[in-house]
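Below, each chain spelled out in residue letters.
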Amino acid sequence: MRNIRPGLSEGAEMFQIHTSSVFDPKKKAFRKDLSFVVNSKTGLIMDIVSRLEPLPEKISPPDIDLRGLTVLPGLVDAHTHIFLHAYTETPSLNQMRDESFVERIVRATNHVRKALMAGYTTYRDLGTEGMEDADASFRDTINRGIIPGPRLFVATQILASSGGYEIRQENTGKTVVPLISDAADGPVGVRAAVRRRLGAGADVIKIYADYRRRQLRFPMQAWPGALPIQFPPTNRNPNILQFTQDEINATVSEAKAAQCPVAAHAGSDAAVIMAANAGVLTIEHGNEADHGGLAAMKANKVIFVPTLAAIEAIFRDGLPKCMQLTKRAYQMGIKLATGGDTGAFSHGENVRELELMLESGVPVEEVLTAATLHGWESCGGDWCGRRFGFWEKGATADIIGIKGDPRDDFQALRRVSFVMKDGKVYKRDGTAIEV
Ligand SMILES: [Zn+2]
């Protein structure tokens, strides 16, 4: 008798997954000896059973034996860019300006496969960076089963104010470069931009609350042989606000009316405060935030996505401050989600964000909750139309198994042995399954 529940084998589409150690994000604790009943047709968890009787040593198919592994809900990277690859390989300027549309699509196909094999079943992808609205169609190719990859929640183009986020070129008006933002101004203008994004298929609105947008005042050397500006000022290209409070309020109001979450890029304390008070769901980076920004995030129940892995990759000197800020946010009870700004460093290395959050002083169980349950909340929770990142009847069967116990050895998260998304197995015994 293979089933612990009589009659279960009669439903051909049902199977069980037996586990010995499971991380439960809602309890922020590990649980022993659970079995999941999964419906392969719907991709949902139909039941979760605490086993009282021992199982036979050998489990017969179609049931799956994950005893001996640590089992978690599929991981969520809450801040990614599928069309970007590591800046150490190619600077972002050249990726956006020089790489072909086709190359970037093909690269993204590789990126999402690597992410899935690393245990990431969901990506919140925050801006195409020059690829127009291609992320929406790319999402659909995964949802149609054409290529393997995480479930994508996409932003399409990001919202910035006029001139606020562009590929900087001195030969203005003479060379054509891709747009990297949907520029909008004024409360009416930003409402229209949100409507354009929704029309293009966005799952989430991404707005730049601030940016270093005065780059062409004292331009950097952007091509071989370009001469340097000889005596640059100390405030060469400061991080400054993009919008007024009214504009961000209008953005959030318009998005919320469509049950669409808003993610705000905000580096400075002023931008974090403005975005938090406007009611955005998440704040990305916050790398120059201080008391005011943290207090505003706390007061407005904002989820903080500190993107430590990208800061390590791009502004290494700023990492210690960002790690301290992350710890303070945790101590204040601000919800954290793990989003690496993955793409600035390699897809498949996503778990670096979890490692840095742990090193910041956030406990293991909190980091794992940030990477699962809070990831789902960052996608809009029930607004996204699917439940994942935690265990309950009717939740999506996104289930991963890792070798080792992350409480003893956090590197276990780099030893992903089993990956299931929507009830379908993509990796087993450490080996990718061809689809
Ligand atoms: Zn980003």
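These notes cover the structure that comes with them. (Residues numbered from 1 in each chain as written. Predicted model: local features only at pLDDT ≥ 70, side-chain atom pairs only at ≥ 80, totals over all residues. Heavy atoms only, no water.)

Quick word on the coordination of the zinc ion
Within the protein, the zinc ion binds to His-79 (NE2), His-81 (NE2) and Asp-341 (OD); these donor distances fall in the range 2.0 to 2.3 Å. Counting the intervening residues between successive donors of the zinc ion yields the motif H-x1-H-x259-D. In this pair, His-81 is assigned in the loop between β6 (75-80) and α1 (92-98) and Asp-341 in the loop between β17 (335-336) and α10 (352-359), connecting sequence segments 260 residues apart. Each of the two residues, His-81 as well as Asp-341, counts as buried. (Donors = N, O, S within 2.8 Å, 3.2 Å for Na, K, Ca; no water. Helix = DSSP H or I, 4+ residues; strand = E, 2+ residues; numbered from the N terminus. Buried < 20%, exposed > 50% of the residue type's maximum accessible area, 1.4 Å probe, protein only.)

Considering the environment of Lys-41
If you trace the backbone, Lys-41 turns up in the loop between β3 (34-39) and β4 (44-50). A relative accessible area of 68% places Lys-41 in the exposed class. Considering only alpha carbons, one finds Lys-41 and Arg-191, 150 residues apart in sequence, at a separation of 39 Å.

Remarks on the sheet that holds β6
Taking strand neighbours across the sheet as the criterion, the three strands line up as β6-β7-β8 in an open arrangement whose pairing is parallel. Here the strands that pair on one side only, and so sit at the sheet edges, are β6 and β8 (151-154). Mean inter-strand twist for the sheet, computed between neighbouring axes without regard to direction, equals 15°. As defined by bridge partners, β6 adjoins strand β7 (residues 120-125) across four bridges and the pair is classed as parallel. Bridge assignment links Asp-77 to a residue of β7, and that residue is Tyr-123. In this fold helix α3 (residues 134-143) packs onto β7 and β8, with an angle of close to 160° to the strand it touches most, β8. (Pairing = 2+ DSSP bridges. Axes fitted to C-alpha atoms, helices over the stretch in contact; angles between N-to-C directions. Contact = heavy atoms within 4.5 Å.)

A look at the pairing of β8
Burial along β8 is two-sided: Arg-151 and Phe-153 facing one way and Leu-152 and Val-154 facing the other are all buried. Where β7 lies against β8, four bridges are found, and the strand directions are parallel. Residue pairing across strands places Asp-125 opposite Val-154, the latter belonging to β8.

Considering unusual backbone geometry
Each neighbour pair has its own omega, and for Pro-61 with Pro-62 the value is 10°, a cis peptide bond. Tracing the backbone through its elements, the reader meets Pro-62 in the loop between β4 and β5 (64-73). In the Ramachandran plot, Glu-129 falls in the positive-phi region, its phi being about 55° despite a non-glycine side chain. Positive phi is not limited to glycine here, since Gln-259 has a value of about 55°. Looking at the element boundaries, Gln-259 is found in the loop between α5 (245-257) and β14 (262-268).

Some details on the pattern of salt bridges
For the structure on display, the rule yields 31 salt bridges. For Glu-166, the salt bridge is made with Arg-168, and the minimal N-O distance between the two is 3.8 Å. Arg-352 serves as the salt-bridge partner of Glu-312, at 2.8 Å between the closest nitrogen and oxygen. With Glu-312 in helix α8 (residues 308-314) and Arg-352 in helix α10, the pair connects residues that are 40 residues apart, well separated along the chain. When salt bridges that share partners are traced, they join Glu-312, Arg-316, Glu-349, Arg-352, Glu-355, Glu-359 and Arg-414 into one network. (Salt bridge = Lys/Arg side-chain N within 4 Å of Asp/Glu carboxyl O.)

Focus: the packing of aromatic side chains
If you walk through the whole model with that rule in mind, you get eight aromatic pairs. A centroid spacing of 5.9 Å and a plane angle of 20° characterise the contact between Phe-153 and Phe-388, whose relative ring orientation is stacked. In this pair, Phe-153 sits in strand β8 while Phe-388 sits in the loop between α12 (373-378) and β18 (399-402), placing the two residues 235 residues apart along the sequence. Accessibility expressed as a relative area gives 7% for Phe-153, which makes it buried. Residue Phe-388 is classed as buried on the basis of its relative accessible area, which comes to 1%. Relative to Tyr-208, the ring of Tyr-165 lies with its centre 4.5 Å away and its plane at 35°, an arrangement referred to as tilted. Highlighted residues: Tyr-165 in the loop between β9 (158-160) and β10 (181-183) and Tyr-208 in strand β11 (residues 205-208), separated in sequence by 43 residues. A network of ring pairs unites the aromatic residues Tyr-165, Tyr-208 and Tyr-211 as a single cluster. (Phe/Tyr/Trp six-rings, centres within 6.5 Å; stacked < 30°, edge-to-face > 60°.)

Some words on the environment of Asp-382
In this fold, Asp-382 is placed in the loop between α12 and β18. Given the relative accessible area of 46%, Asp-382 is considered partly exposed. Along the backbone, Asp-382 and Gln-259 are 123 residues apart, and their C-alpha atoms lie at a distance of 9.5 Å. Beyond its immediate sequence surroundings of up to four residues, Asp-382 is in contact with Trp-376 and Arg-387.

A word on helix α9 (residues 319-331)
In this model α9 runs 18 Å from its N-terminal to its C-terminal C-alpha over 13 residues, within 8% of the 18 Å that 1.5 Å per residue would give. Restricting attention to buried positions, one finds in α9 the residues Leu-319, Cys-322, Met-323, Leu-325, Thr-326 and Ala-329. One face of α9 carries all of its buried residues, which in axial projection span an arc of 160°. Facing away from the buried surface of α9 by more than 90 degrees, the exposed residues are Gln-324 and Gln-331. Tucked inside the fold, the buried residues of α9 contact β15 (282-288), α7 (291-299), β16 (303-305), α8, β17 and α10. (Expected span 1.5 Å × (residues − 1). Arc of directions from axis to C-beta.)

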